[in-house]
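Close look at the chain arrangement
What follows is each chain in one-letter form.
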Amino acid sequence: PARAAADCARGRLRPVLMTAVAAAVGFLPMALAQGPGAEVQRPLATVVIGGIFSATLLTLTVIPALLTLGAAGSWRLPFPSRFRFRQPAAV
């Protein structure tokens, strides 16, 4: 399970980083604005860029870790029994 999570994170690294960097670069003019209305645009752009990078870090680190814990059986979701996945009946 740990190797599968690492392989998955490695395989998703490039597309996730490309998406995050493209979005952050798109907000740079807004973050560096000096004209009228910049006092509203700059904080908004800063928050969005920070959110993009924190979401990227969570996507590449926390999600594979949670998948590894779940696959190892050491971590269970507290779902009621009616929501648990059941094996299909043998035919």
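These numbers come from a predicted model, not from an experiment.

**Some words on the overall build of the chain**
If you tally the helices and strands in the chain, you get 2 helices and 0 strands. Burial statistics for the chain: of 91 residues in total, 16% are counted as buried. Of the accessible surface of the chain, which amounts to about 7200 Å², a share of 70% is contributed by carbon and sulfur atoms.

**Some details on the side chain of Thr-56**
Considering the arrangement of structural elements, one finds Thr-56 in helix H2 (residues 38-72). Looking at Thr-56, the relative accessible area reads 8%, which means it is buried. Within the structure, Thr-56 has its side chain in polar contact with the backbone oxygen of Ile-52 (distance 2.8 Å).

**Topic: a nonpolar patch on the surface**
A grouping of Val-21, Val-25, Leu-28, Leu-32 and Phe-53 is seen on the molecular surface, where their side chains present a nonpolar patch of about 450 Å² in accessible area. Per-element accounting of the nonpolar patch gives the leading share, 3 residues, to helix H1 (residues 2-31). On the basis of relative accessibility, which here comes to 38%, the residue Phe-53 falls in the partly exposed class.

Procedures and definitions
- Residues numbered from 1 in each chain as written.
- Predicted model: local features only at pLDDT ≥ 70, side-chain atom pairs only at ≥ 80, totals over all residues.
- Heavy atoms only, no water.
- Helix = DSSP H or I, 4+ residues; strand = E, 2+ residues; numbered from the N terminus.
- Buried < 20%, exposed > 50% of the residue type's maximum accessible area, 1.4 Å probe, protein only.
- Areas by Shrake-Rupley, 256 points an atom, 1.4 Å probe, with all protein chains shown as cover.
- Polar contact = N/O pair within 3.5 Å; in protein donor to acceptor, adjacent residues only side chain to side chain.
- Patch = residues over 30% accessible without salt bridge, like charges linked within 9 Å, V, L, I, M, F, W, Y side chains within 5 Å.
- Salt bridge = Lys/Arg side-chain N within 4 Å of Asp/Glu carboxyl O.

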